[in-house]
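# Notes for the structure review
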Amino acid sequence: MANPKVLAIVLAGGEGTRLNPLTAERSKPAVPFGGRYRLVDFVLSNLVNSQIHSIYLLVQYKSQSLIEHIRRAWSVSNIIADHFVTVVPAQMRGGPEWFQGTADAVYQNLGLIEHHRPDIVAVFGADHIYRMDINQMVQFHLDHEADMTVAALPVPLDQGHNFGIITPDSSFRIIDFQEKPAQPKPIPGDSQHCLSSMGNYLFKTQVLMDALEDAHVRGEKDFGHDVLPRLIRTHKVCTYDFTSNQIPGVKTYEEPSYWRDVGNLDAYHAAHMDLLGLEPRFDTFNPDWPIYSDHYFGPEARIISGEIRNSIIGEGTIINGGNIRNSVIRHEVMIEPDVDIENCIIMDYNVIGRGSRLRRAIIGRYNLIEPATVIGYDPTTDRQRYPISPSGIVVVPKGKRGQIRVY
């Protein structure tokens, strides 16, 4: 099959409870990331850069922020019929239920697959940070005549309980799969790592449709818990080695095969720190494989005075003094004089008042941090006011929209 027709279904309904309060008013894929992105931008950029342009985005929890972002950032040509990024809320076509799981979400939209009649259906998650040429996975899928292919990469053994763990044979066929096991099986010959599913799947179209119909009859709702373990007993299910994926333009100093699940506050903060430095682990600047997002139409950042080291500064931000180190400042943030910010993520539309000291903190949108506020230095005091992650990251929840203006 020289040029298979691929339909992408992106599962973007995640509630993201472990990222609360960042997900108090938005779904996980809509959470801001870096200086100008949302989490969903990474999977959509990978698809578009891979010349996969037929994309359905299945949404559910607190989806309005995500829907608005897709409208602004991901409008593609309507001249070519199969070029689209379309948001699909739960339609409840089979009854009164919302999406009950990943497999159920796709099952409820089998009509979309039937309408497009693709050769391959790509079912991908929407909340990971990575670059991937999906065409290379498609070619692997075809070369191995697989019914289903699961992208995978090694993760430390002590983190394996967070993922679906794969055991393949020497021909890449999956012979065992454990969904978030308490004691994951290590990779043969590597006792420190196990092979983790990335939650990215390719299916022969009819195999997927038959498997979802069967799962629905059985009352099964999830790919990892239900569909994948059943298919490995009846079909050829292969694992694709993500570490073999080659992306043009990746620098030699970047971490090979960078992939992060930013499902909790500590992982989210750590992934931001990976963007920093002269030689970051993950460099967002790559003209050969760009990460797309919405276009900001405000002014440039303005640096009036202050000392800034190893930080990202978003558009429209004004820095009027202070000391900023190892931090990500998104757009339209006002930094007043004598502020000290270290290892922080400051989201859009914030004012950081004169003399404030912030360390290892995430400041949600639309906050006025009063002058001389101290956050991140006294865990006991911080815990009385704000949520704190297990490693001590302090999170100031989103403020009230409209109460803050930088200009």
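Up top is the structure these notes are about.
Presented here is an overview of the structure given in this document. (Residues numbered from 1 in each chain as written. Predicted model: local features only at pLDDT ≥ 70, side-chain atom pairs only at ≥ 80, totals over all residues. Heavy atoms only, no water.)

## Quick word on the packing of helix 1 (residues 40-49) against helix 2 (residues 64-73)
Close contact between helix 1 and helix 2 brings their axes to 12 Å; oriented N to C, the two are set at 40°. In terms of orientation, helix 1 lies oblique with respect to helix 2. Our pair here, helix 1 against helix 2, has a crossing hand that is right-handed. Between helix 1, through V40, D41 and L44, and helix 2, the contact on the second element is made entirely by L66, H69 and I70. (Axes fitted to C-alpha atoms, helices over the stretch in contact; angles between N-to-C directions. Helix = DSSP H or I, 4+ residues; strand = E, 2+ residues; numbered from the N terminus. Parallel < 35°, antiparallel > 145°, perpendicular 65-115°, else oblique. Left-handed = near helix turned anticlockwise from the far one by under 90°. Contact = heavy atoms within 4.5 Å.)

## Here we look at the nonpolar core
With 42 residues, the main nonpolar core has V43, L44, L47, L57, F124 and M132 as its most contacted residues. It is helix 1 that provides the largest number of residues to this core, a total of 5 residues. If sequence neighbours within four positions are ignored, M132 has contacts with N46, S50, F124, M137, A151, N200, Y240, F242, N245, I247 and W289. Counting 37 residues, the second largest nonpolar core, distinct from the first, contains A103, V121, A211 and I232. (Core = buried A, V, L, I, M, F, W, Y, C linked by side-chain atoms within 4.5 Å. Buried < 20%, exposed > 50% of the residue type's maximum accessible area, 1.4 Å probe, protein only.)

## A short note on the sheet that holds strand 26 (residues 394-396)
Taken in spatial order, the 5 strands of this open sheet run 15-17-20-23-26, and their pairing is parallel. Sheet topology places strand 15 (312-313) and strand 26 at the edges, where each strand pairs with a single neighbour. Note that strand 15 and strand 17 (residues 328-329) share 2 bridges and pair parallel. Within strand 17, the position partnered with I312 by the bridge is V328. (Pairing = 2+ DSSP bridges.)

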